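The residues making up each chain are set out below.
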Amino acid sequence: MGDVVAASGALSLHSDAHLQADLLDAATDVRLETASADIGHGVAGHSVAMQARGALDIGRLEAGADAVVTSAGGLTLGHGRIGGDAQLRSTGAMRIGELHAQGAMNAAAGAALVAQTLSSGAAMQLDASGALDVQQLRSGGDLAATAGGLLAIGDLVADGDARLEGDADVRLAQAVIGQSLNVAAAGTLDMRTATVGGDARLRSGGAMGIGELQAQGAMSAASGATLVAQTLSSGAAMQLDAAGALQIQQLTSNGDLAANAGGLLAIDDAAVGGRQVWMAARMCSLAMQRSRSHWRSTRAAPSPSAARRSTAR
């Protein structure tokens, strides 16, 4: 099948076999129900609804309003531009080149979900039973992303709250979050740089590594192994917990500070604006010196230490 065009109305197609078309074009709606399909270009002046009982491959998809695309197998979309909400479902793997939705976006895959660019004008929700890997992500509202395997996002911008949950490792290269950030990794958590407009809460079952994390609100980070960070900054209280070593190069808390380590606790440079500073570790390499609310550590030979508590004046 070559081009199928409805110049003045809707286009509705039903097939019990595989459907292959270069172009599906309708002035209003495009409706497709098929066993499986390979579509070069789909265009609808209004809405799109495509459903396949098997694999669905779409080169380019354009809709003036909402788009709902469902596949009982794998789903591949090269490029999509949706004027309303975008909803994608697949029982198999999902691959997306670029997808832009002026409204909300919801994508769920029964296996891995891999995308180069995803952007929405409202909230975005991503779910993958396997790995979730997105190179560039932009949400005009809240973001909720869950993965049954690795969760990896290269460049993330979310105007609202962001919640990331991975049943394996979580990797975040850079992020700008308008409100709160909540990240949970069953395995390791690797974050290079993030700026958060509200509170930041990080949890990992394995090691946690942070390049730079700035939160205008409170910050809490808990690791089931080691916690290593270059720069941490919070506008309110900060709490850090590590089952293993806890090592921070530069720390700034405009509220209270609590740091607990199951192994070595080392902070090179710390400035605390709150009144309470609590530190507990099995081994401590800190020789703390206080000047008002500014604390600086110097390395000393490791020695056992139960707990140290002080009130900054």
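Our subject is the structure that appears above.
Residues numbered from 1 in each chain as written. Predicted model: local features only at pLDDT ≥ 70, side-chain atom pairs only at ≥ 80, totals over all residues. Heavy atoms only, no water.

**Let's talk about the overall build of the chain**
Alright, step 1. Summing up its helical and strand segments, the chain has zero helices and 33 strands in all.
Alright, step 2. The proportion of buried residues among the 313 residues of the chain is 48%.
Alright, step 3. Partitioning the intrachain contacts of the chain with sequence separation of at least 6 by distance along the chain shows that 4% fall at a separation of at least 24.
Alright, step 4. As displayed, the chain offers around 13,000 Å² of accessible surface, 47% of which is attributable to carbon and sulfur atoms. (Helix = DSSP H or I, 4+ residues; strand = E, 2+ residues; numbered from the N terminus. Buried < 20%, exposed > 50% of the residue type's maximum accessible area, 1.4 Å probe, protein only. Contact = heavy atoms within 4.5 Å. Areas by Shrake-Rupley, 256 points an atom, 1.4 Å probe, with all protein chains shown as cover.)

**Quick word on the pairing of strand S8 (residues 67-71)**
Alright, step 1. Burial along S8 is one-sided: the residues Ala67, Val69 and Ser71 are buried and none of Val68 and Thr70 is.
Alright, step 2. Bridge analysis of strand S6 (residues 48-52) against S8 gives five bridges, and the strand direction is parallel. Directly across from valine 48, in S8, lies its bridge partner alanine 67.
Alright, step 3. Summarising the sheet, S8 and strand S10 (residues 86-90) pair through five bridges and their orientation is parallel. Residue pairing across strands places valine 68 opposite glutamine 87, the latter belonging to S10. (Pairing = 2+ DSSP bridges.)

**Focus on the pattern of salt bridges**
Alright, step 1. Under the definition given, this model contains five salt bridges.
Alright, step 2. A salt bridge links aspartate 159 to arginine 138; the nearest nitrogen and oxygen atoms lie 3.1 Å apart. Of this pair, aspartate 159 sits in the loop between strand S17 (151-158) and strand S18 (162-166) while arginine 138 sits in strand S15 (residues 132-139), and the two are 21 residues apart along the sequence.
Alright, step 3. For glutamate 165, the salt bridge is made with arginine 163, and the minimal N-O distance between the two is 3.1 Å.
Alright, step 4. Owing to a relative accessible area of 33%, glutamate 165 belongs among the partly exposed residues under this scheme. (Salt bridge = Lys/Arg side-chain N within 4 Å of Asp/Glu carboxyl O.)

**Side note on the environment of glycine 92**
Alright, step 1. Inspection of the secondary structure puts glycine 92 in the loop between S10 and strand S11 (94-101).
Alright, step 2. The spatial distance from the C-alpha of glycine 92 to the C-alpha of alanine 55 is 8.4 Å, given a sequence separation of 37 residues.
Alright, step 3. Among residues more than four places away in sequence, those in contact with glycine 92 are Gly73, Gly74, Ala109, Gly110 and Ala111.

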